[in-house]
Amino acid sequence: MLYGLLSKVLTDRYIILIGSVLAFIVTYIILAKPPKFLPTDGGKFVFTPDGKKVEVNKGSNGKTTGVGLIFICIYLIAAFLFLPVSVEMVIYMLLSITMMLTGFMDDISKAPWGELIKGILDLILAVTAAIVFVKFNGTDVILFKMHFHIPVVLYVILAVALIWASINVTNCTDGVDGLCASISVVELFGFSAIFGLDLGKYSGLSLIMAFVLAAYLGYNWNPSTVLMGDAGSRTIGFTLALLAMKCRHPFAFILLSLVFIFDGGVGLLKLAIMRVTKKSFLKNIRFPFHDHLRKNKGWKIPKIVIMFVIIEIVMVIVTGVIVNLCR
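From a predicted model like this one, the values you see are computed outputs, not experimental measurements.

Description of the packing of helix α4 (residues 87-108) against helix α8 (residues 201-220)
Running from N to C, α4 and α8 point in directions that differ by 30 degrees, and their axes come no closer than 11 Å. The pairing of α4 with α8 is recorded here as roughly parallel in orientation. As α4 runs across α8, the sense of the crossing is right-handed. Contact residues: Glu 88, Met 89 and Tyr 92 in α4; Lys 201, Tyr 202 and Leu 205 in α8. For the contact of α4 with α8, the per-class residue count stands at 4 nonpolar, no polar and 2 charged.

Set out below in structure tokens:
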């Protein structure tokens, strides 16, 4: 592990910067010619509430997908080498690898995995992560200036819900070139800037992932040549949830991930309501919302991404102001 050697001559800040820059360079070089074992995208299909299968995002056909497998591996290797790794962090890394691999297996599958299989896998991983977190961190949280101690069982339930929601809303937002990665980069920098002291070494985890995603954006910005697939988006969602829990301000996730929640989360809520009630809900609005802007309003993809990124930057600033006022 390089951290032990570098820490003798450099501060943690410089070690993290070196690791982040190297991760950026390696990611950018490898994605220039993605490995041939990666699959090509065959189109994205969704099921309407009445059970019809509809293809969306046809423009992705034929592009190399599943490159999340590449940049997540680079991110984890860089974190392992350039951060003071603990048993707890190693467990989260193993869970990230599992999350990445389950997403990649879905990416390469000829028939997309059903919602039940994905739901069970997400539940197992979320429960495991929640229990590990409680074991090492306890259940104290901060809301504005108030400190709360949440009963263990309740905290685990809430943590599982947070992780599951983060995984799925992030995955839903990965629908047009550059959108998911751009928002994630801003949010990851936001977590590090606002909660750096609270996150400790996990702030480095946030920065390394942000640099890796920035390199990926070099090939994913419209018009893209590669797609991250579930291997990337699911692991990003897991990491964002973990950061929200580690900073002791899990409710800040609502503000920092508001773009993800609105773009992808409302669509999941809409689908759930329609399935339960068998009635239309928000029928004039298409979700994920980026699809509404692109297909119903005729917005170009760069305009959509820029607008969402600006909103995300605003939410980071708002969160930072609120947190600093409450300290």
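Re helix α9 (residues 229-246)
The end-to-end C-alpha distance of α9 is 26 Å, a good match for the 26 Å that 18 residues give at a rise of 1.5 Å each. Counting buried positions along α9 gives 18 out of 18 residues, so the element sits mostly inside the fold. Two residues or fewer past α9, Arg 248 is found with a positive phi of approximately 70 degrees.

Quick notes on the packing of aromatic side chains
By the definition in use, this model includes 10 aromatic pairs. Here the aromatic rings of Phe 262 and Phe 287 are separated by 6.2 Å at their centres, their planes lie at 80 degrees, and the arrangement is edge-to-face. Of the two residues, Phe 262 sits in helix α11 (residues 258-277) while Phe 287 sits in the loop between α11 and α12 (289-296), which places them 25 residues apart along the sequence. A centroid spacing of 6.2 Å and a plane angle of 45 degrees characterise the contact between Phe 287 and Phe 289, whose relative ring orientation is tilted.

Regarding the packing of helix α6 (residues 152-173) against α11
Running from amino to carboxyl end, α6 crosses α11 at an angle of 100 degrees, the nearest separation of the two axes being 8 Å. With respect to their mutual orientation, α6 and α11 come out roughly perpendicular. Within the contact between the two elements, α6 uses Asn 168, Val 169, Thr 170, Cys 172 and Thr 173 and α11 uses Phe 260, Ile 261, Asp 263, Gly 264, Gly 265 and Leu 268.

Some remarks on the side chain of Glu 187
With respect to the helices and strands, the residue Glu 187 is situated in helix α7 (residues 179-199). Take Glu 187: its relative accessible area is 0%, and that puts it in the buried class. Of the polar contacts made by the side chain of Glu 187, one reaches the side chain of Ser 257; its length is 2.5 Å.

Some thoughts on the confidence of the model for the chain
Taken over all residues, the pLDDT of the chain has a mean of 90, while the share at 70 or more is 94%. Note on residues 45-55: pLDDT under 50 across the span, and 17 contacts to partners over four residues away in sequence or across chains.

Overview of the nonpolar core
Phe 191, Phe 195, Leu 213 and Tyr 216 are the most contacted members of the largest nonpolar core, which totals 90 residues. Every residue in contact with Leu 213, bar those within four places of it in the chain, is listed here: Phe 71, Ala 181, Ser 184, Val 185, Leu 188 and Ile 236.

Quick word on a nonpolar patch on the surface
On the surface, Tyr 14, Leu 17, Ile 18, Val 21, Leu 22, Ile 25 and Ile 29 cluster together to form a nonpolar patch covering roughly 610 Å² of accessible area. Tracing the backbone shows Leu 22 in helix α2 (residues 12-32). Since its relative accessible area comes to 39%, Leu 22 is described here as partly exposed.

Topic: α2
The terminal C-alpha atoms of α2, which comprises 21 residues, lie 30 Å apart, in line with the 30 Å expected from a rise of 1.5 Å per residue. The complete set of buried residues in α2 reads Ile 15, Ile 16, Gly 19, Ser 20, Ala 23, Thr 27 and Leu 31. Down the axis, α2 shows its buried residues gathered within 130 degrees of arc, on one side only. Residues of α2 that are buried sit in contact with α1 (2-6), α3 (68-82) and α8.

Observations regarding the pairing of strand β4 (residues 146-149)
Examined bridge by bridge, strand β3 (residues 140-143) and β4 share 4 bridges and lie antiparallel to one another. Counted as the bridge partner of Asp 140 is His 149 from β4. Counted between consecutive antiparallel strands, the loop separating β3 from β4 contains 2 residues, among which Phe 144 sits at a positive phi close to 55 degrees.

Structural notes on the environment of Tyr 216
Mapped onto the elements, Tyr 216 comes out in helix α8. Here the alpha-carbon distance between Tyr 216 and Gly 178, two residues 38 residues apart in the chain, equals 9.0 Å. Every residue in contact with Tyr 216, bar those within four places of it in the chain, is listed here: Thr 27, Leu 31, Val 67, Phe 71, Ala 181, Val 226, Leu 227 and Met 228.

Quick notes on the rules
Within each chain, residue numbers correspond to sequence positions counted from 1 in written order. Only residues with pLDDT of at least 70 get local features here, since the model is predicted, and only at 80 or more are side-chain atom pairs given and counted; chain-wide, interface and lining totals rely on the full set of residues. The side-chain figures draw on all heavy atoms in the structure; neither hydrogens nor water molecules are used. Here an axis means a line fitted to C-alpha atoms, over the contact stretch when the element is a helix, while the angle between two N-to-C directions is reported on a 0 to 180 degree scale. Elements are defined by DSSP. Helices are runs of H or I of four residues or more, strands are runs of E of two residues or more, and each kind is numbered from the N terminus. An angle counts as roughly parallel when it lies under 35 degrees, as roughly antiparallel when it exceeds 145, as roughly perpendicular when it falls between 65 and 115, and as oblique in every other case. Whether a crossing is left-handed or right-handed is set by the direction in which the near helix is turned from the far one by less than a right angle, anticlockwise for left-handed and clockwise for right-handed. Only heavy atoms enter the contact rule, under which two residues are in contact if any of them lie within 4.5 Å. Residues are grouped as follows: nonpolar covers Ala, Val, Leu, Ile, Met, Phe, Trp, Tyr, Cys and Pro; charged covers Asp, Glu, Lys and Arg; every other residue, Gly included, is treated as polar. In this scheme, a helix's expected span is set at 1.5 Å multiplied by one less than its residue total. We call a residue buried when its accessible area falls under 20% of the maximum for its residue type, exposed when it is over 50%, and partly exposed in between, using a 1.4 Å probe and counting protein chains only. The aromatic pairing rule takes the rings of Phe, Tyr and Trp, using the six-membered ring of Trp, and pairs them if the centres are within 6.5 Å, calling planes under 30 degrees apart stacked, those over 60 edge-to-face and the rest tilted. The term polar contact refers here to a pair of N or O atoms within 3.5 Å; inside protein, the definition further demands a hydrogen-donor-capable atom paired with an acceptor-capable atom, and it admits residues adjacent in sequence only when both atoms are side-chain atoms. For every residue, the pLDDT score states the predictor's confidence, bounded by 0 at the bottom and 100 at the top. Grouping buried Ala, Val, Leu, Ile, Met, Phe, Trp, Tyr and Cys residues that are joined through side-chain atoms within 4.5 Å yields what is termed a nonpolar core. To count toward a patch, a residue needs a relative accessible area above 30% and no salt bridge. Like charges then connect within 9 Å, nonpolar side chains (Val, Leu, Ile, Met, Phe, Trp, Tyr) within 5 Å. The protein chains shown are the only cover counted for residues, whose accessible areas, like all others here, come from Shrake-Rupley with a 1.4 Å probe. One side-chain nitrogen of Lys or Arg within 4 Å of one carboxyl oxygen of Asp or Glu is enough to make a salt bridge. The directions from the helix axis to the C-beta atoms form the arc being described. Paired strands, in this sense, are two strands between which DSSP finds at least two bridges.

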